[in-house]
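For reference, the chains in residue letters:
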Amino acid sequence: TTSFANDVAHHPNMNPQIFSFFIVLAIIWFLLYWILGGVFFAVMTIMRLGRIRAVRFSCLFTLLALMVGVGASYFGLSRAQEVVSACLMSATNKAEIVASIFGCGFANIFSAFLLGAAVLTVGGFIIMSISKSKSKPWIVLEDLNDEGEAPVASQQEVTDDPIHISKFF
């Protein structure tokens, strides 16, 4: 990562203000990708009722989110820098200058974020398929009898239980 940071810092179009914005944007994109992507894939795991190796998936997904966050930040800022300079050439007054900086730059940065989200989603599904577990779960929520069905309590067992005395609770 040191050589990548040096390459980014010494990029001909990357001045110190943009480099600091690159670092902040990369951290923000990483956190958004990591949290929102993690929630998305947690829901996907629950809906599919699949068993995955959580530690393997979490580590690989964190690394993927970090790489995609840095890549989307760099790609978005480099594209925005080119477009903003082109927009500034055509700006004639102060209002057009401000609009060109925010309008042209935001569109490219946000489109890079969305492209990164798509890459993260595809990569997350690949990581999920790699992290599938074929072993039985450690925790079984229902006690199964010989036929594979949950045991049913008889009416006598329920009425003898001091906890179930009330007919409402």
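Going by the structure above, here's the rest.
Residues numbered from 1 in each chain as written. Predicted model: local features only at pLDDT ≥ 70, side-chain atom pairs only at ≥ 80, totals over all residues. Heavy atoms only, no water.

1. Overview of the packing of aromatic side chains
Then, in step 1: Overall, the coordinates contain 13 aromatic pairs when judged by the stated rule.
Then, in step 2: Plain terms: the ring middles of tyrosine 33 and phenylalanine 113 are 5.0 Å apart, the flat faces sit at 5 degrees to each other, and that makes the pair stacked. One end of the pair, tyrosine 33, is in helix H2 (residues 16-48); the other, phenylalanine 113, is in helix H4 (residues 94-130), and 80 residues separate them in sequence. Assigned by exposure class, tyrosine 33 and phenylalanine 113 land together as buried.
Then, in step 3: A ring pair is formed by phenylalanine 57 and phenylalanine 61, whose centres lie 5.5 Å apart and whose planes are at 15 degrees; its orientation type is stacked. Placement of both phenylalanine 57 and phenylalanine 61 in helix H3 (residues 54-90) is noted, with a separation of four residues, approximately one turn of the helix. There is no split in this pair, since phenylalanine 57 and phenylalanine 61 are both buried.
Then, in step 4: Among the aromatic side chains, those forming a connected cluster through ring pairs are Trp29, Tyr33, Phe106, Phe110 and Phe113. (Phe/Tyr/Trp six-rings, centres within 6.5 Å; stacked < 30°, edge-to-face > 60°. Helix = DSSP H or I, 4+ residues; strand = E, 2+ residues; numbered from the N terminus. Buried < 20%, exposed > 50% of the residue type's maximum accessible area, 1.4 Å probe, protein only.)

2. Regarding the packing of H3 against H4
Then, in step 1: The interhelical angle for the contact between H3 and H4, taken along N-to-C directions, is 155 degrees, at an axis separation of 7 Å. The angle between H3 and H4 places the two elements in the roughly antiparallel class. Helix-helix and strand crossings are classified by hand; for H3 and H4 the assignment is right-handed.
Then, in step 2: Counted by class, the contact of H3 with H4 contains 25 nonpolar, eight polar and three charged residues. (Axes fitted to C-alpha atoms, helices over the stretch in contact; angles between N-to-C directions. Parallel < 35°, antiparallel > 145°, perpendicular 65-115°, else oblique. Left-handed = near helix turned anticlockwise from the far one by under 90°. Nonpolar A, V, L, I, M, F, W, Y, C, P; charged D, E, K, R; others polar.)

3. Some words on a nonpolar patch on the surface
Then, in step 1: Nonpolar side chains collect at one region of the surface, where Ile23, Val24, Ile27, Ile28, Leu31, Leu32, Trp34, Ile35, Leu36, Val39, Val43 and Met47 lie side by side and expose about 1,100 Å² of accessible area between them.
Then, in step 2: Looking at the secondary structure, you find leucine 36 in helix H2. (Patch = residues over 30% accessible without salt bridge, like charges linked within 9 Å, V, L, I, M, F, W, Y side chains within 5 Å. Areas by Shrake-Rupley, 256 points an atom, 1.4 Å probe, with all protein chains shown as cover. Salt bridge = Lys/Arg side-chain N within 4 Å of Asp/Glu carboxyl O.)

4. Here we look at the side chain of serine 131
Then, in step 1: With respect to the helices, strands and loops of the structure, serine 131 is situated in the loop between H4 and helix H5 (155-160).
Then, in step 2: In this structure, serine 131 is in contact with Arg51, Ile52, Arg53, Arg56 and Phe57, ignoring residues within four places of it in sequence. (Contact = heavy atoms within 4.5 Å.)

5. Some words on the nonpolar core
Then, in step 1: If you look at the biggest cluster of nonpolar residues, it comprises 20 residues, and the most contacted ones within it are Trp29, Tyr33, Phe57, Ile109 and Leu120.
Then, in step 2: Counting residues per element, the ones that place at least two in this core are H2, H3 and H4.
Then, in step 3: Non-local contacts of isoleucine 109, meaning those with residues more than four positions away in its chain, are made with Phe21, Leu25, Trp29, Gly76, Leu77 and Ala80. (Core = buried A, V, L, I, M, F, W, Y, C linked by side-chain atoms within 4.5 Å.)

6. Examining the environment of lysine 132
Then, in step 1: Following the sequence through the fold, lysine 132 ends up in the loop between H4 and H5.
Then, in step 2: Along the backbone, lysine 132 and arginine 53 are 79 residues apart, and their C-alpha atoms lie at a distance of 6.2 Å.
Then, in step 3: Not counting the four nearest positions on each side in its chain, lysine 132 is found in contact with Arg48, Arg51, Ile52 and Arg53.

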